[in-house]
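Spelled out from the first residue to the last, the chains are:
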Amino acid sequence: MKILVCISNVPDTTTKITFTDNNTQFNTNGVQFILNPYDEIALARAIELTDGGNGTVTVINVGEISTEPTIRKALAIGATDAVRINAKPHDAWFVAYQVAQYIKANQFDLVLTGREAIDYNGSKVAGMIGELLDIPSVSIIKKLDISGNQVTVEREIEGGKEILSIPLPIVAGTAEGVAEPKIPNMRGIMSARTKPLTVIEPVEVKTFSEIISYETPASRGQVKLIPADDAAKLVELLHTEARVI
Amino acid sequence: MSVLVYTENADGKFKKSIFEAVSYAHAIAVQNNTNLIAISIGDVSAEELTALGKYGAEKVLNVSNEKLKNFVNQAYASVIAEAAKKQSADIVVLSNSFSGRGLAPRLGVKLEAGVADGAVSLPDQSEGKFKVKKTAFSGKAFAIVELTSANKVISLTPNSYKIVETSAGAAIEDFSPEVKASDLAAVIKEIVRATDKVSLPDADIVVSGGRGLKGPENWGMIEELADLLGAALACSKPVSDAGWRPHSEHVGQTGIAVSPNLYIAIGISGAIQHLAGISSSKVIVVINKDAEAPFYKVADYGIVGDAFEVVPKLIMAIKEYKASA
Ligand SMILES: Cc1cc2nc3c(=O)[nH]c(=O)nc-3n(C[C@H](O)[C@H](O)[C@H](O)COP(=O)(O)OP(=O)(O)OC[C@H]3O[C@@H](n4cnc5c(N)ncnc54)[C@H](O)[C@@H]3O)c2cc1C
Ligand SMILES: Nc1ncnc2c1ncn2[C@@H]1O[C@H](COP(=O)(O)O)[C@@H](O)[C@H]1O
């Protein structure tokens with residue numbers, strides 16, 4: 001089994017998000033970048049599925065050279081090899097297009113992404129790759145099992161879940177529940193240095209969207225504290241002042 | 001030119017988030033001096049379909065095909081794209097639901113359209129541009145995205161646009177799209193839907209519990225409070241990691257992002273990753289015994305106290321309020 005895991009390089013979850021240049025640029029000053037938490041889940045599941053020499057796990061990232069520590073981390077966790085498409089990831093469409101080109105040339109049985117990248121959160125890359133390759137995609141899954149040529153996935157829906165059976169190849173976006181993230185061990189870290197990391201140049205593609213600027217959420221006023229023994233006061237305020245009940 | 005809105009149903013019914021999407025799409029149609037067409041796929045009654053007119057749909061394309069009874073991403077995307085082409089719709093709107101997140105990217109590719117996912121307000125079409133505000137950085141910020149393509153796909157974040165009732169009923173028209181066998185490779189084995197509970201992404205009110213509640217056995221009062229308010233339940237990440245509550249209730253940067261009218265956080269410290277998923281809530285209430293908990297910095301109302309004393313009192317107070325209302 002050949003599995004491809006798409007990985008993104010995102011600001012650490014503790015990052016306080018700020019912008020510069022009149023709110024047009026994300027301020028990366030002092031920001032620590034990490035492997036997207038959902039991609040860690042995808043990677044962990046891919047490693048489980050190929051455990052015991054039952055296939056290979058390739059990780060792919062569309063990014064500039066600065067993303068290589070994150071790619072090496074994925075190799076340390078247990079990916080077989082890595083590919084970096086040497087370009088700034090303009091948007092989900094750009095990323096999906098580049099990855100789809102790579103898949104067309106290299107054929108994979110299963111393509112995994114995270115459910116979303118925690119920076120721009122489109123949940124779009126998986127579906128776009130699926131459409132570009134004309135194969136099924138499932139956007140947010142909580143479970144994934146393979147038996148022969150069939151994949152069984154559990155998909156989240158509002159207030160419930162749906163279980164689907166789909167023939168390979170498919171693209172799936174993984175969420176919590178699919179696997180527990182793996183922590184690299186010493187051997188993994190050592191071997192990551194020598195595992196193959198291939199850098200390829202992007203292909204040209206039209207763009208359909210552009211980020212113009214950013215806004216941060218409006219800050220709230222001072223909190224109104226209500227004495228612990230006066231819950232009725234809170235109910236009254238929620239009714240008359242906030243008008244939410 | 002027209003605007004097409006996909007109206008997803010759950011067991012034959014439309015949810016509030018769909019009426020929001022229709023109202024939103026109607027406002028976009030008005031901005032562009034054109035009409036709004038809705039498309040529904042699956043078994044939905046004529047009455048339910050006609051009601052979409054109330055929110056501004058002029059016409060409803062009804063796709064009732066045994067093969068398309070249940071949502072299959074690939075097939076539904078083909079149907080919606082075909083409808084968009086036949087109706088010369090250059091803007092397609094859908095709700096940013098779980099299914100919507102599967103559809104929007106496929107539609108974007110099919111229609112060669114820029115996709116604005118998780119829109120939170122009407123597009124700004126001044127100066128001949130088409131700019132949409134959407135959530136970014138897991139709720140820590142918004143991005144203004146310009147869609148530069150001729151066709152556009154927009155998915156609307158639930159609870160971010162108010163339902164507007166306009167005209168009367170919509171005309172229903174049957175639509176029989178082509179269905180390719182290769183689009184139906186995914187087979188649905190089972191759908192499990194808890195119908196007695198309010199689903200978290202759609203909820204108006206959310207009651208959320210954290211590690212301060214000490215253990216799963218203490219969720220009785222949280223559930224009672226949620227039931228009284230018609231609220232959905234949520235929790236912090238450590239709570240679902242510990243298995244006290246299911247992962248589907250975990251909110252935050254690595255969980256579900258919610259934007260209810262009222263978010264009540266009980267025994268949650270307010271870590272930055274938690275706040276990311278809930279910061280677009282309209283009103284935030286915090287109950288925490290530690291007056292220094294970071295959550296108070298972003299709360300509208302707070303009660304500093306022990307949850308095991310405060311919550312039962314709050315339940316009493318709501319019962320009294322309900323009895324007198
Ligand atoms: C990569 C990453 C991603 C993460 N993603 C998320 C995410 O998506 N969502 C999320 O929630 N967290 C996330 N976290 C975890 C986050 O950093 C915090 O650890 C977590 O939110 C804390 O949960 P908590 O507030 O329930 O627990 P704690 O931080 O332990 O806080 C418990 C609170 O309860 C209060 N308390 C205790 N007893 C009582 C009582 N009797 N009555 C009232 N109050 C009481 C305490 O004062 C305290 O403030 C993430 C962390 C990482 C590293
Ligand atoms: N630059 C990138 N390179 C490779 N994969 C990516 C990149 N950006 C996003 N992805 C993948 O797509 C998933 C969803 O991202 P998004 O659609 O942007 O929310 C992520 O979890 C990754 O698996």
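Here the residue numbering is sequential within each chain, running from 1 through the sequence in written order. Going through the entries in the order they are written, you letter the chains from A and number the ligands from 1. Confidence filtering applies because this is a predicted model: local features only for residues at pLDDT of at least 70, side-chain atom pairs given and counted only at 80 or more, and all residues used for totals across whole chains, interfaces and linings. Side-chain calculation: all heavy atoms of the structure are included, whereas hydrogens and water are not.

1. Quick notes on the sheet that holds strand β13 (residues 262-266) of chain B
So, point 1. Here, a strand pair is defined by DSSP locating no fewer than two bridges between the strands. The secondary structure listing takes helices from DSSP runs of H or I that are at least 4 residues long and strands from runs of E that are at least 2 residues long, numbered from the N terminus. If you walk across this open sheet you meet the six strands as β15(A)-β15(B)-β14(B)-β13(B)-β11(B)-β12(B), and the pairing is parallel. Across the chains shown, the open sheet's two edge strands, defined by having one partner strand only, are β15 (224-225) of chain A together with β12 (232-235) of chain B.
So, point 2. In terms of strand pairing, β15(A) meets strand β15 (residues 301-304) of chain B through two bridges, oriented parallel. Residue L225(A) lies in a different strand from β15(B), and its bridge partner there is G302(B).
So, point 3. Across the face of the sheet, helix α8 (residues 307-324) of chain B comes into contact with β13, β14 (283-288) and β15 of chain B while running at roughly 135° to β14(B). A contact between two residues is defined here by any heavy atoms of the two lying within 4.5 Å. For helices, the fitted line uses only the C-alpha atoms of the stretch in contact; every axis is such a line through C-alpha atoms, and the angle between N-to-C directions lies from 0 to 180 degrees.

2. Describing the environment of A317(B)
So, point 1. Secondary-structure assignment places A317(B) in helix α8.
So, point 2. As for A317(B) and S182(B), which are separated by 135 residues in sequence, their C-alpha atoms are 57 Å apart.
So, point 3. Look past the residues within four positions of A317(B) in its chain and what remains in contact with it is A231(A), A232(A) and V235(A).

3. Remarks on the site of ligand 1
So, point 1. Every one of the 27 residues lining ligand 1 counts as a neighbour, but R211(B), S236(B), T254(B), S269(B) and Q273(B) are closest to it.
So, point 2. The criterion for a residue being near a molecule or strand is simple. One of its heavy atoms has to lie within 4 Å of it. Surrounding ligand 1 is a set of residues that belongs to chains A and B.
So, point 3. Here an oxygen atom of ligand 1 sits 2.7 Å away from a polar atom, N or O, in the main chain of R211(B).
So, point 4. Here a polar contact is taken to be a pair of N or O atoms separated by no more than 3.5 Å, where protein atoms must pair a possible hydrogen donor with a possible acceptor and residues adjacent in sequence count only if both atoms sit in side chains. Take H250(B): an N or O atom from its side chain is 2.9 Å from an oxygen atom of ligand 1.
So, point 5. The accessible surface values rely on the Shrake-Rupley method and a 1.4 Å probe; as for residues, cover is taken only from the protein chains in view. Burial of ligand 1 by the protein chains amounts to 78% of its free accessible area of 990 Å².
So, point 6. Residue assignment for the shell around ligand 1 shows that the elements contributing at least two residues are α6 (237-241), α7 (272-276) and α8 of chain B.
So, point 7. Classification convention: Asp, Glu, Lys, Arg as charged; Ala, Val, Leu, Ile, Met, Phe, Trp, Tyr, Cys, Pro as nonpolar; all other residues, Gly among them, as polar. Class assignment of the residues belonging to the shell around ligand 1 gives a composition of six nonpolar, 15 polar and six charged.

4. Some details on the site of ligand 2
Residue and element names in this part refer to chain A.
So, point 1. The environment of ligand 2 is made up of 19 residues, and the closest members are C6, D39, V62, A117 and K124.
So, point 2. Residue V62 places a main-chain N or O atom 2.8 Å away from a nitrogen atom belonging to ligand 2.
So, point 3. For ligand 2, an oxygen atom lies 2.6 Å from a polar atom in the backbone of K124.
So, point 4. About the coverage of ligand 2: the protein hides 94% of its 490 Å² of free accessible area.
So, point 5. The greatest single-element share of the shell around ligand 2, amounting to three residues, is contributed by strand β6 (residues 56-63).
So, point 6. Residues that form the shell around ligand 2 fall into these classes: eight nonpolar, eight polar and three charged.

5. A few points about the interface of chain A and chain B
So, point 1. Contacts between the two partners involve 81 residues from chain A, matched on the other side by 89 residues from chain B.
So, point 2. Summed over both partners, the accessible area lost on bringing two parts together, with a 1.4 Å probe, is the buried area. Buried surface at the junction of chain A and chain B, both sides included, amounts to about 7100 Å², of which 58% is carbon and sulfur.
So, point 3. The rule for a salt bridge is simple: a side-chain nitrogen of Lys or Arg has to be within 4 Å of a carboxyl oxygen of Asp or Glu. At the surface where chain A touches chain B, the tally comes to seven salt bridges.
So, point 4. Our count for the chain A to chain B interface comes out at 39 residue pairs in polar contact (both at pLDDT 80 or more).
So, point 5. Among the secondary structure elements, those contributing two or more residues to the side of chain A that touches chain B are α1 (37-49), α4 (125-133), β9 (137-147), β10 (150-157), β11 (160-167), β14 (209-215), β15 and α6 (231-240) of chain A.
So, point 6. Of all the elements, β11(A) adds the most residues to the side of chain A that touches chain B, at eight residues.
So, point 7. Its residues assigned to classes, the side of chain A that touches chain B shows 39 nonpolar, 21 polar and 21 charged.
So, point 8. Pairing analysis gives six bridges linking β11(A) to strand β10 (residues 187-193) of chain B, with the strands arranged antiparallel. Paired with E162(A) across the strands is I191(B), a residue of β10(B).

6. With respect to the sheet that holds strand β1 (residues 2-6) of chain A
So, point 1. If you walk across this open sheet you meet the 10 strands as β13(A)-β7(A)-β6(A)-β1(A)-β8(A)-β12(A)-β9(A)-β10(A)-β11(A)-β10(B), and the pairing is mixed. Strand pairing shows two members of the sheet lacking a second neighbour, β13 (197-200) of chain A together with β10 of chain B, which therefore form its edges. Here the strands of the sheet are splayed against their neighbours by 30° on average, with no regard to which way each runs.
So, point 2. As defined by bridge partners, β9(A) adjoins β10(A) across six bridges and the pair is classed as antiparallel. Among the inter-strand pairings, I141(A) is bridged to a residue of β10(A), identified as R155(A).

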